[in-house]
Structure formats: structure tokens, C-alpha cells
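# Fold and geometry: a report
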Amino acid sequence: EAGVAQSPRYKIIEKRQSVAFWCNPISGHATLYWYQQILGQGPKLLIQFQNNGVVDDSQLPKDRFSAERLKGVDSTLKIQPAKLEDSAVYLCASRSNTATEAFFGQGTRLTVV
Amino acid sequence: AQSVTQPDIHITVSEGASLELRCNYSYGATPYLFWYVQSPGQGLQLLLKYFSGDTLVQGIKGFEAEFKRSQSSFNLRKPSVHWSDAAEYFCAVGAYQPKLIFGTGTRLQVFP
């Protein structure tokens, strides 16, 4: 079974630039999560999708972050404009409706300089 | 407020020694508890989970954890650590539709 795929693995941008991350969940998984993991901290949920609808985006900084999940499969997370404090690993995870645990991708490490 | 506390930021053990990583949680409802491991440059891998029933749960790679409701704890243990266990370990709490709340992690270093 293929896992959660994320790209790119690494990205370096200057502050005020924009960046996008892509996630392909495990086939058939209806729930998709984006987490932000700042160095030295645990992952923090940014947004949760159920199919192509948003379930929870309470911790998403909506003035600069946006996410979409077209057709309930792949998802993109965008930051525009980026700030230095956005430097982190962005993890995507997915879960099936019959499971209680989520499966994580390898993450995208973003460095904002 | 819902939270997870991992008191130990960094633990160092010798290979073959026993290990216990501490986790305390604060959660209003019956918690679902998880331990994840993260190797450098990798995503999170589930070690074990607790929902109900037997309070001692077995996981992969020889790990186990014990749920103690009276102490709001879910400590992770392994009787004999291998060098390949060096990684960062995260405790997390959630509900049936898991919006996981993670602790800050414990970095495990293993000396030969």
C-alpha cells in the first residue's frame, strides 16, 4: 500500500514570497490533515478536510495560509506571503473512515530566509 | 484545556538498557492516546494506541505503554533499547475523530 506522498521535500524561499505544498493521501482515505511542526515542538493541526470539505481550520492563519482539496483527493497548502516564523516542517496525514489513526507523509521542510 | 505534556526533552540511555518516556495529558472526555516516533527527516510512525480495555497496550518494535487514568499518564516503555530506537517520540491525545494534540516530544539518544 502506497503511503502519503508529499512534495517538495525541501523548500527555501525569501520572506514575502509565496510557496505551495502538495499532498497525495493514501487511496480511499476521506480525511486529510495538514500539520505544522516548528523545530523543537510537536505538530500542530492547521486544517482538517473530510472529503473536499473543511472540518476544522481554527488554527490556520487565514490571512496568509490557504488550503484546498479538490475532488476530495489531493490537497495543496499555500503560504502567501511567507514570514520567517513560517519556517517549519509541514506534515500531511490521512485517515480512512474506518480507522482511528492517521498516517503521515515525510513532510516538507520550509526555510524562510 | 486539552494538552499533552512530555516532561523530558532529551533522554540518553545505553543500548540494552530499559526505557520509559513520560506523557501526561489533560482532556475533558475519554481520551484516545497515541505514541508516534519520528526519525530524522521522516514523518511520524504510529507505535501504539489506546482507546479502551486493557490499560497495558503493546505496540510495534517491542514498545508498550500503560494508561493510568488516576495519574492522567500514558508512559511508553521498552525493556531493552536498540541503537535503532534513537529518534524523537511524540505522545498525542485525541477523540474518535482524531484531531490530535501532540506533546513537544522527547528526543532519545542511544549510546553503544
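Quick caveat: nothing in here was measured; it's all calculated off a predicted structure.

How each quantity is defined
- Residue indices begin from 1 for each chain and proceed along its sequence in written order.
- Chain letters and ligand numbers both follow the written order, the letters beginning at A and the numbers at 1.
- With the structure being a predicted model, the display of local features is reserved for residues of pLDDT at least 70 and the display and counting of side-chain atom pairs for 80 or more, all residues being used for whole-chain, interface and lining totals.
- Think of the side-chain values as coming from all heavy atoms in the structure, minus any hydrogens and water.
- Put simply, two rings from Phe, Tyr or Trp (the six-membered ring, in Trp's case) pair if the centres are within 6.5 Å, and we call them stacked under 30 degrees between planes, edge-to-face over 60, tilted for the rest.
- To sort residues, take the accessible area from a 1.4 Å probe on protein chains only and compare it with the maximum for the residue type: under 20% means buried, over 50% means exposed, and anything in between is partly exposed.
- For helices the rule is a DSSP run of H or I covering at least 4 residues; for strands it is a run of E covering at least 2, with both sets numbered from the N terminus onward.
- Whether two strands pair comes down to DSSP finding at least two bridges between them.
- Within this document, salt bridges are pairs made up of a side-chain nitrogen of Lys or Arg and a carboxyl oxygen of Asp or Glu, the two lying within 4 Å of each other.
- Here the nonpolar core consists of buried residues drawn from Ala, Val, Leu, Ile, Met, Phe, Trp, Tyr and Cys, with membership extended through side-chain atoms lying within 4.5 Å.
- In what follows, residue pairs with any heavy atoms lying within 4.5 Å of each other are defined as contacts.
- Buried area adds together the accessible area that both of two parts lose upon being put together, with accessible area traced by a 1.4 Å probe.
- Here a polar contact is taken to be a pair of N or O atoms separated by no more than 3.5 Å, where protein atoms must pair a possible hydrogen donor with a possible acceptor and residues adjacent in sequence count only if both atoms sit in side chains.
- Classification convention: Asp, Glu, Lys, Arg as charged; Ala, Val, Leu, Ile, Met, Phe, Trp, Tyr, Cys, Pro as nonpolar; all other residues, Gly among them, as polar.

## As for the packing of aromatic side chains
Enumeration over the complete set of coordinates arrives at 16 aromatic pairs over all chains. Plain terms: the ring middles of Tyr33 of chain A and Tyr35 of chain A are 6.1 Å apart, the flat faces sit at 40 degrees to each other, and that makes the pair tilted. Tyr35 of chain A shares its class with Tyr33 of chain A; the two are buried. Look at Tyr50 of chain B and Phe67 of chain B: their rings are 4.5 Å apart centre to centre, the planes differ by 25 degrees, and that puts the pair in the stacked class. A residue pair is termed long-range when its members are at least 10 positions apart, and Tyr50 of chain B in strand S6 (residues 44–50) and Phe67 of chain B in strand S8 (residues 64–68) qualify at 17 residues. Looking at Phe67 of chain B, the relative accessible area reads 5%, which means it is buried. Among the aromatic side chains, those forming a connected cluster through ring pairs are Tyr33, Tyr35 and Phe104 of chain A together with Tyr32, Phe34, Tyr36, Phe51, Phe90 and Phe102 of chain B.

## Examining the pairing of strand S12 (residues 106–111) of chain B
Within a regular beta strand, the side chains point alternately toward one face of the sheet and then the other, so they alternate between its two faces. All names here are of chain B. Side chains Thr106, Leu108 and Val110 project from S12 onto a buried face, and the interleaved Arg107, Gln109 and Phe111 project onto a face without burial. The pairing of strand S2 (residues 10–14) with S12 spans five bridges and is parallel. Residue pairing across strands places Ile11 opposite Leu108, the latter belonging to S12. Looking at chain direction, strand S10 (residues 87–94) and S12 are connected through three bridges and run antiparallel. Bridging across to S12, Glu88 finds its partner in Arg107.

## What about the pattern of salt bridges?
All names here are of chain B. Enumeration over the complete set of coordinates arrives at eight salt bridges over all chains. Two residues, Glu66 and Arg77, come together in a salt bridge whose shortest N-O distance is 3.2 Å. With a gap of 11 residues between them, Glu66 in strand S8 and Arg77 in strand S9 (residues 73–78) connect regions that are remote in the sequence. Judged by its relative accessible area of 24%, Arg77 falls in the partly exposed class.

## Overview of the nonpolar core
Side chains of a nonpolar character, in soluble globular proteins, are inclined to be buried together. Residue and element names in this part refer to chain B. One finds Trp35, Leu48, Phe74, Leu76 and Tyr89 to be the most contacted residues of the largest nonpolar core, which totals 27 residues. Of all elements in the fold, only S2, strand S3 (19–21), strand S5 (32–38), S6, S8, S9, S10 and S12 reach the threshold of two or more residues within this core. It is S10 that contributes the most residues to this core, four residues altogether. Discounting residues that sit within four places of it in the chain, Tyr89 has contacts with Gln6, Leu21, Trp35, Tyr36, Val37, Leu47, Phe63, Leu76, Gly105, Thr106 and Leu108.

## Comments concerning the interface of chain A and chain B
Opposite the 21 residues of chain A that make contact, chain B presents 20 residues. Between chain A and chain B, a total of about 1600 Å² is buried, with carbon and sulfur atoms accounting for 49% of that surface. Area buried by chain A at its contact with chain B is led by Thr100, Glu101 and Phe104 of chain A, which between them contribute 31% of it. The tally of links between chain A and chain B comes to one salt bridge. Glu101 of chain A is the partner of Lys49 of chain B in a salt bridge, and the nearest nitrogen-oxygen pair spans 2.5 Å. One can count five residue pairs in polar contact (both at pLDDT 80 or more) joining chain A with chain B. Elements with a contribution of two residues or more to the side of chain A that touches chain B: strand S4 (31–37), strand S5 (44–50) and strand S9 (88–95) of chain A. By residue number, the principal contributor to the side of chain A that touches chain B is S4 of chain A, which donates three residues. Among the residues making up the side of chain A that touches chain B, the classes are represented as seven nonpolar, 10 polar and four charged.

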